[in-house]
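Observations on the model geometry
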Amino acid sequence: MKYEIMYSEAFPIVKYQLERGEKLKAESDAMITMSATIDVEGKMNGGLLSGLARKFLTGESFFCQELIASRGAGEVLLGHSLPGGILDLALNGSYGWRVQKGSYMASTEGIEFDTKMQNLSKGLFSGEGFFILNVKGSGTLFVSSFGAIHPLSLADGEEIIIDNGNLVAWPDYMDYTIEKASSGWISGIKSGECLVTRFRGPGTVLIQTRNPNGFEAWIRSMVPAK
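Residues numbered from 1 in each chain as written. Predicted model: local features only at pLDDT ≥ 70, side-chain atom pairs only at ≥ 80, totals over all residues. Heavy atoms only, no water.

On to the sheet that holds strand E4 (residues 31–34), then. Pairing in this open sheet of four strands is antiparallel, and the strands run E1-E2-E7-E4 from one edge to the other. Edge strands, defined here as strands with exactly one partner in the open sheet, are strand E1 (2–6) and E4. Averaged over all pairs of adjacent strands, the angle between strand axes in this sheet comes to 15 degrees, irrespective of strand direction. As defined by bridge partners, E1 adjoins strand E2 (residues 13–18) across five bridges and the pair is classed as antiparallel. Pairing of tyrosine 3 across the sheet is with tyrosine 16, part of E2. (Pairing = 2+ DSSP bridges. Helix = DSSP H or I, 4+ residues; strand = E, 2+ residues; numbered from the N terminus. Axes fitted to C-alpha atoms, helices over the stretch in contact; angles between N-to-C directions.)

And the structure:
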């Protein structure tokens, strides 16, 4: 397994070297270029129900790309649609990652993912829906972001509060709760921060330095009302 994250300072891509017979799974629009020795197929990860869940419950694509070095070794370039970072995470099977919608980009063989239902309070108030991606197995996971990816490492018992729209991924063993950012709803609306996530260490939370929800709201404000 040989790969390189290029142009990490802005608009990064992953250059991945596939050996003959090796496979790589990616989001449906992630492939930029590939060698002629590589085939690409559309797959529903986990079947029809899992594909539907990914599409309608987590915001991810219905199909995944499966890139297969069928006729010999080759090279693949992968990217993502938003201007932001790409980070590789090594999984050894001891724990998994919870990945926020839109942040999964690609993964190697040995990595599996499905939808994870948050409990009622977390799903209702997170602003990100009731479902997130639950990623586990042994291999390499590539996550992407809007803006740079910044790791926040928490010691045992240490707490931090994060805006929900800035979350990228966190280990599945971390404890977290969703709560109001301010003492009252009116105050929260005025401050622009209604709901946040409180994480408790130990563990490392990955955040993105820009909030896509805020950017979407700004774009809408620039479009004249009909």
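Residue proline 202 is bonded to the preceding glycine 201 through a cis peptide linkage, with omega at 15 degrees. Residue position: proline 202 is located in the loop between strand E17 (195–200) and strand E18 (203–208). We note that tyrosine 7 has phi near 55 degrees; this positive angle belongs to a residue other than glycine. On the secondary structure map, tyrosine 7 appears in the loop between E1 and E2. Taking the relative accessible area as the measure of exposure, tyrosine 7 reaches 47% and is therefore partly exposed. Residues other than glycine seldom take positive phi values, yet phenylalanine 11 does so here, at roughly 50 degrees. Note that phenylalanine 11 resides in the loop between E1 and E2. (Buried < 20%, exposed > 50% of the residue type's maximum accessible area, 1.4 Å probe, protein only.)

So yeah, pure geometry; function would need other evidence.
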